[in-house]
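# Structure at a glance
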Amino acid sequence: MAATTPLPLARTCPFAPVSEHVRLRQEEPVTRVTLPSGSQVWAITRHEDVRAMLASPHFSANRMRPGIPHMSVAQTHSAPGTPLITVDGAEHLRQRRDVTGEFTLKRIAGLEARLQQIVDDRIDVLLAGPRPADFVETLALPVPSLAICELLGVPYAEHDFFQERTGEMLRRTATREEQGAAMTELIAYLDELMARKEREPGDDLLTRLLDRTGDRKTSAGFGVLLLVAGHETTANMISLGTMMLLENPESLQALREDPAKTPGAVEEMLRYFTVGEYAVVRVAVEDTEIGGTVIHAGEGAIALCNTANRDPDVFEAPDLFDISRDTRAHLGFGYGPRSCPGQNLARAELRIVFDTLLRRVPELRLAQPVDNLPFKEDGMVYGLHELPVTW
């Protein structure tokens, strides 16, 4: 068997995709790679090919299907029955409809006043605390955690519990037993919470899901998915975006002078970092050609979206951070029928954080050089463990 590129590989520069991934995009855009489990799957690296795969009905995203890529043996310990990630086709669309109505632009607009209050409260905590401060602990993680807790109806007082379990589930170096225990404990927690909501319904997403599905187990599965996805990715984008702005004074000044540019800056951050580098996986259900290569039924494929988001055929000077560029084609939220259902909420949180931070803490700066910052090289979601800042 011919030697293949092993995944995952660490970034050598926090602002760039893995150099080997870039080489693959240039020379072998659809190629076999080897995962830590020893299984070989196809890596898709060009923007056009990633979009083709994600839009194709000939690929399944069912995490329980044989052949689906897992970044470690431990991650084969997916939760049976977890909604959205264990079904395809019409059933996926049906389940997706149960949650997408909660994240429409109109509904998120109705939440903006509360999101603004959450951000202001956390900035109050930041300004009242010591200097330097850990921006991740003080603001980047609490803001999306508070927001998703309120939306779901999860007590924020219990955030340490679910954040610790989420961290274990997303840590690539965790053992099967560690990840399985974290998943089991989180499901048990949500199941008990759903039992409470059966007795005492609230004005929250989980109660409404329970009403729609009539199934506590299914609703708890949705809760696990939304709780994990609803805070970890956004928290990492807040910290990475803040770091990026503080390292780019021209962009920072442009946003201070014209907050109308913030939505465009948010999209550029999503393109530039693409934190879910190894998250988009599929398995072919029938022989399908992608980028001139036939991927046979039963073979797995992984979309390296961070590399695809730096494709020079789509984005001019893709390694340049440019808040004025047209980013409409970026893959930061995926693509096709499985694109992130919570993207409107994430965009609102990011926009409100950056607008408020630049207005209220104009002298914010990094307290450590970027080279000294602890990046999440061992996680399924890229980000920062800590971001020391001062003002």
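For clarity, every value in this text was computed on a predicted model and none was experimentally measured. (Residues numbered from 1 in each chain as written. Predicted model: local features only at pLDDT ≥ 70, side-chain atom pairs only at ≥ 80, totals over all residues. Heavy atoms only, no water.)

## With respect to the packing of aromatic side chains
- Applying the stated criterion across every chain, the model contains 4 aromatic pairs.
- With centroids separated by 5.3 Å and ring planes inclined at 80 degrees, the aromatic side chains of Y272 and F273 adopt a geometry described as edge-to-face. Of the two residues, Y272 and F273, neither departs from the other in class, the shared state being buried.
- On the numbers, 5.5 Å between centres and 80 degrees between planes, the contact of Y272 with F321 is edge-to-face. Highlighted residues: Y272 in helix α12 (residues 262–273) and F321 in the loop between α13 (305–308) and α14 (343–360), separated in sequence by 49 residues.
- Assessed through its relative accessible area of 5%, Y272 is described here as buried.
- Note on F321: relative accessible area 8%, which makes it buried. (Phe/Tyr/Trp six-rings, centres within 6.5 Å; stacked < 30°, edge-to-face > 60°. Buried < 20%, exposed > 50% of the residue type's maximum accessible area, 1.4 Å probe, protein only. Helix = DSSP H or I, 4+ residues; strand = E, 2+ residues; numbered from the N terminus.)

## Regarding helix α10 (residues 216–246)
- Across its 31 residues, α10 extends 45 Å between first and last C-alpha, which sits within 8% of the 45 Å expected from 1.5 Å per residue.
- Near the N-terminus of α10, the side chain that reaches the backbone nitrogen of K217, with its oxygen 2.9 Å away, is that of D215. (Expected span 1.5 Å × (residues − 1). Polar contact = N/O pair within 3.5 Å; in protein donor to acceptor, adjacent residues only side chain to side chain.)

## Structural notes on the environment of A174
- Topologically, A174 is positioned in the loop between α7 (159–170) and α8 (176–199).
- Judged by relative accessible area, which is 5%, A174 ranks as buried.
- Sequence separation between A174 and G379 is 205 residues; the distance between their C-alpha atoms is 9.6 Å.

## Thoughts on the sheet that holds strand β2 (residues 30–34)
- Spatially, 6 strands are ordered β1-β2-β3-β9-β6-β4 in an open sheet, and the strand pairing comes out mixed. The open sheet has two edge strands, β1 (5–6) and β4 (59–60), and neither has a second partner. (Pairing = 2+ DSSP bridges.)

## Considering the packing of α10 against α12
- Closest axis-to-axis distance for the α10/α12 pair is 10 Å, and the angle between their directions is 105 degrees. One element, α10, and the other, α12, form an angle in the roughly perpendicular class. Here M237, L240, G241, M243, M244 and L245 of α10 lie close against α12, whose contacting residues are M269, L270, Y272 and F273.
- The residue makeup of the contact of α10 with α12, split by class, is 9 nonpolar, 1 polar and no charged. (Axes fitted to C-alpha atoms, helices over the stretch in contact; angles between N-to-C directions. Parallel < 35°, antiparallel > 145°, perpendicular 65-115°, else oblique. Contact = heavy atoms within 4.5 Å. Nonpolar A, V, L, I, M, F, W, Y, C, P; charged D, E, K, R; others polar.)

## What about the environment of Y278?
- Position of Y278 relative to the elements: it lies in the loop between α12 and β6 (280–284).
- Separated by 106 residues in the primary sequence, Y278 and L384 place their C-alpha atoms 17 Å from one another.
- A polar contact of 3.2 Å, which involves the side chain of Y278, links it to the backbone nitrogen of L9.

## A look at the packing of helix α9 (residues 205–213) against α10
- Interhelical geometry of α9 versus α10 gives an angle of 145 degrees and a closest axis separation of 9 Å. Judged by the twist between their axes, the crossing of α9 over α10 is right-handed. In contact with L205, L206, L209, L210 and T213 of α9, α10 contributes R216, T218, S219, F222, G223 and L226.
- Within the contact of α9 with α10, the residues separate by chemical class into 6 nonpolar, 4 polar and 1 charged. (Left-handed = near helix turned anticlockwise from the far one by under 90°.)

## Observations regarding helix α3 (residues 89–100)
- A rise of 1.5 Å per residue sets the reference length of α3, with its 12 residues, at 16 Å; its end C-alpha atoms lie 16 Å apart and thus fit the reference within 8%.
- Taken as a whole, α3 has its buried residues at H92, Q95, R96, D98 and V99. Looking down the long axis of α3, one finds its buried residues gathered within 145 degrees of arc, a one-sided arrangement. Of the exposed residues in α3, the ones pointing more than 90 degrees away from its buried face are A90 and R97.
- Contacts from the buried residues of α3 go to α9 and α10. (Arc of directions from axis to C-beta.)

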